[in-house]
Amino acid sequence: MSKEINTIGVLTSGGDAPGMNAAIRAVVREAITKGRKVKGIKRGYAGLLDGDIEDMDLFSVSDIIGRGGTILQTARCLEFVEEEYQIKGANICKEHGIDGLVVIGGDGSFKGAQKLAAHGINTIGIPGTIDLDIACTEYTIGFDTAVNTAMEAIDKVRDTSTSHDRCSIIEVMGRGAGYIALWCAIANGAEDVLLPERYDYDEQILINHLIEGQKLGRHNHIIVNAEGIGHSASMAKRIEAATGVETRATILGHMQRGGSPTCKDRVYASTMGALAVDLLCEGKTNRVVGYRHGEFVDFDIDEALAMTKDLDEYQVELTRSLASTS
Ligand code: ADP
Ligand code: F6P
């Protein structure tokens, strides 16, 4: 059991995600309502090491719930993997009176939180990444907005693809994980999807599928490709050469990380932000908030980081069965 928490720090780390602002707002408002002070740490662990820390009050987070990005900004701080810098970070927290810290980010950010906890700072992680690749939780902040952004973009590409009788390879983000690709494949009714977790390098299947579609009179053909596979431009050239069907590659890129968060991202991020503060106030540390089986829950960070998860095989199968027209 940790000692009473008086001052809670909050930072965002790793790639930004829509909904992070809703989580920051909830942390600040829940903590102040519970009589704690709040300090915002800018630019993740990089800002922590620079002592880039400011007091936050109820007004600091006004009008941010609907804004994408993160008002605290974020960074990737490579040196923080070294113990020397983790000790420095913990000491800077102590100098600023920060005895509880909420870290909003992905698995990498949780490892930083775990190290700070080992050096005496009470930490709680909140899953924030568009990739949905955190094993202990079925929800991560930003995925819902990102996947809706990607879905709308793919609908638009399909319109122009149809007008030109083209095949389109559309690359979506996700780092090594295929969650955005899987969801878009189902939501956009993609003819094919390439998932890093299932990829077998067999382009002939794509080529055969495209030729079959042409014979059936299709005027478009959407292939959703996950960033973890990549090479969309060279793939498009090979498919065009093999089929004679004009093929274009579109990489959606960072547009998927921006924009106003969906209702789900605002509500879940707000809930997780408040829950993280409640856990700190109950004396909990080295834990991560998650959403599982319809409930908001929390896990020990060490246990959370040791968990694994995979794409839902039934949904993977649906990407094939529901796209079938023959
Ligand atoms: P994410 O949090 O989205 O997984 P990263 O993997 O880029 O993103 O990690 C974000 C930051 O977390 C890193 O830039 C680094 O500052 C910190 N971090 C990552 N791995 C570790 C580690 N093993 N120990 C301490 N800090 C880490
Ligand atoms: O983790 C979020 C993410 O957007 C991944 O999907 C992607 O691989 C990566 O970050 C891109 O990182 P950067 O913003 O550094 O280009």
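One can find the structure itself at the top, above this paragraph.
Parameters at a glance
- Counting restarts for each chain, with residues numbered from 1 along the sequence as it is written.
- Here the convention is simple: chains get letters from A, ligands get numbers from 1, in the order in which they are written.
- The predicted nature of this model means local features are confined to residues of pLDDT at least 70 and side-chain atom pairs, given and counted, to a pLDDT of 80 or more, with totals for whole chains, interfaces and linings taken over all residues.
- The side-chain figures draw on all heavy atoms in the structure; neither hydrogens nor water molecules are used.
- The rule for pairing is simple: two strands pair if DSSP sees at least two bridges between them.
- Helix and strand definitions here come from DSSP, where helices need a minimum of 4 consecutive H or I residues and strands a minimum of 2 consecutive E residues; each element is numbered from the N-terminal end.
- Between the N-to-C directions of two axes lies an angle of 0 to 180 degrees, each axis being a line fitted to C-alpha atoms and, for a helix, fitted only over the stretch in contact.
- For a helix, the expected span equals 1.5 Å multiplied by the number of residues minus one.
- Per-residue accessibility, obtained with a 1.4 Å probe over protein chains only, is compared with the maximum for each type, and a residue is labelled buried under 20%, exposed over 50%, and partly exposed between these values.
- The arc in question is the one spanned by the directions pointing from the helix axis to the C-beta atoms.
- Contacts are assigned to residue pairs that have any heavy atoms within 4.5 Å of one another.
- Any residue with an atom within 4 Å of a point lines the site, the site being either a cavity, points on a 1 Å grid over the protein atoms alone where a 1.4 Å probe fits but cannot get out, or a pocket, an open set with protein on both sides within 12 Å along at least 5 of 7 lines.
- Grid points are joined across faces, edges and corners, and a volume is the space filled by probe spheres set on the points.
- Classes in brief: Ala, Val, Leu, Ile, Met, Phe, Trp, Tyr, Cys and Pro nonpolar; Asp, Glu, Lys and Arg charged; the others, Gly included, polar.
- One heavy atom within 4 Å of a molecule or strand makes the whole residue count as near it.
- Whenever a nitrogen or oxygen atom comes within 3.5 Å of another N or O atom, the pair is scored as a polar contact, on the condition that within protein one atom can donate a hydrogen and the other can accept it, and that pairs from neighbouring residues in sequence are kept only if both atoms are in side chains.
- Exposure was quantified through the Shrake-Rupley algorithm and a 1.4 Å probe, taking into account, for residues, occlusion by the shown protein chains and nothing else.
- A cavity or pocket is said to hold a molecule if more than half of that molecule's atoms lie within 2 Å of its grid points.
- Nonpolar cores are built from buried Ala, Val, Leu, Ile, Met, Phe, Trp, Tyr and Cys residues. Side-chain atoms within 4.5 Å join them into one set.
- Should an angle fall under 35 degrees it is taken as roughly parallel, and over 145 as roughly antiparallel, whereas 65 to 115 is taken as roughly perpendicular and any remaining angle as oblique.
- The hand of a helix crossing depends on one turn: near helix anticlockwise from the far one by less than a right angle means left-handed, and clockwise means right-handed.
- Crossovers are described as right-handed under a simple rule: with the strands pointing away from the observer, the path leading from the first strand over the helix to the second runs clockwise.

## Remarks on the sheet that holds strand 9 (residues 247-251)
1) Next: The parallel open sheet is built from four strands, whose spatial order is 7-8-6-9. At either margin of the open sheet sits one strand with a lone partner, and together these are strand 7 (192-194) and strand 9. In this sheet, neighbouring strand axes are inclined to one another by 20° on average, regardless of whether the strands run parallel or antiparallel.
2) Next: One ladder, built from seven bridges, connects strand 6 (residues 166-172) with strand 8 (residues 220-226); its direction is parallel. Bridged to Val172 within strand 8 is Ala226.

## Quick look at helix 3 (residues 83-95)
1) Next: In a regular helix each residue adds 1.5 Å, so 13 residues correspond to 18 Å; helix 3 covers 18 Å between its end C-alpha atoms and thus fits that length.
2) Next: For helix 3, the full list of buried residues reads Gln86, Gly89, Ala90, Ile92 and Cys93. Along the axis of helix 3, the buried residues cluster in a sector spanning 160°; they form a single face. What points out from helix 3, more than 90 degrees from its buried face, is the exposed set Glu84 and Glu95.
3) Next: Elements in contact with the buried residues of helix 3: helix 2 (44-49), strand 3 (53-56) and helix 4 (107-118).
4) Next: The first or second residue beyond helix 3 is Gly97, which carries a positive phi of 75°.

## What about the layout of surface pockets?
1) Next: Of the volumes computed, that of the largest pocket is approximately 620 Å³.
2) Next: Gly14, Arg76, Gly108, Ser109 and Arg175 are, among the 31 residues lining the largest pocket, the residues nearest its centre.
3) Next: With six residues, the single largest contributor to the lining of the largest pocket is helix 4.
4) Next: Tallied by class, the residues present in the lining of the largest pocket amount to eight nonpolar, 13 polar and 10 charged.
5) Next: Here the second largest pocket defines a volume of roughly 490 Å³.
6) Next: Asp192, Val193, Ile205, Leu206 and Arg320 are, among the 25 residues lining the second largest pocket, the residues nearest its centre.
7) Next: In terms of residues, the lining of the second largest pocket owes the most to one element, helix 7 (residues 203-215), which gives six residues.

## Quick notes on the site of ligand 1
1) Next: Around ligand 1 sit 16 residues, and of these Arg76, Cys77, Gly106, Gly108 and Ser109 come closest.
2) Next: A distance of 2.5 Å separates an oxygen atom of ligand 1 from a polar side-chain atom of Ser109.
3) Next: Its free accessible area being 550 Å², ligand 1 has 84% of it covered by the protein chains.
4) Next: One can see that ligand 1 is located within the largest pocket.
5) Next: Broken down by element, the shell around ligand 1 gets its largest block of residues, six residues, from helix 4.
6) Next: A breakdown of the residues in the shell around ligand 1 according to their chemical character gives four nonpolar, seven polar and five charged.

## Comments concerning the nonpolar core
1) Next: Ranked by size, the top nonpolar core spans 59 residues in total, and within it Val102, Ile104, Ile180 and Val224 carry the most contacts.
2) Next: Here Val102 is in contact with Ile8, Gly9, Val10, Leu11, Val27, Ile124, Ile126, Ala276 and Leu280, once residues within four sequence places are set aside.
3) Next: Formed by 26 residues, the second largest nonpolar core is a distinct cluster that contains Ala46, Leu48, Cys93 and Ala113.

## Observations regarding the packing of helix 5 (residues 143-163) against helix 6 (residues 179-187)
1) Next: Contact pair helix 5 / helix 6: the axes reach a minimum separation of 10 Å and the direction vectors enclose 50°. Judged by the angle between their axes, helix 5 and helix 6 are oblique. The two elements helix 5 and helix 6 meet at a crossing, and its hand is right-handed. Taking contact as the criterion, the partners of Phe143, Val147, Ala150, Met151 and Ile154 in helix 5 are, on helix 6, Tyr179, Ile180, Trp183, Cys184 and Ala187.
2) Next: By residue class, the composition of the contact of helix 5 with helix 6 is 10 nonpolar, no polar and no charged.

## Considering the pairing of strand 2 (residues 37-41)
1) Next: Most of strand 2 sits inside the fold, with four of its five residues counted as buried.
2) Next: As paired elements, strand 1 (residues 7-12) and strand 2 share four bridges and run parallel to each other. For Gly9, the partnering residue across the bridge sits in strand 2 and is Lys39.
3) Next: A crossover links strand 1 with its parallel partner strand 2, the connecting element being helix 1 (residues 20-33), and its sense is right-handed.
4) Next: Where strand 2 meets strand 3, four bridges bridge the pair, whose relative direction is antiparallel. Each residue of the ladder has a partner; that of Lys39, found in strand 3, is Asp55.

## Let's talk about the sheet that holds strand 3
1) Next: Pairing is mixed across the open sheet formed by seven strands, whose spatial order is 3-2-1-4-5-10-11. Taken across any chain shown, the strands that pair with only one partner, and hence form the sheet edges, are strand 3 and strand 11 (295-300). Strand after strand, the sheet turns through a mean of 25° between neighbouring axes, direction not considered.
2) Next: Here helix 9 (residues 263-281) sits on the sheet and contacts strand 1, strand 4 (100-105), strand 5 (122-127), strand 10 (287-292) and strand 11; the angle it forms with strand 5, its principal contact strand, is near 165°.

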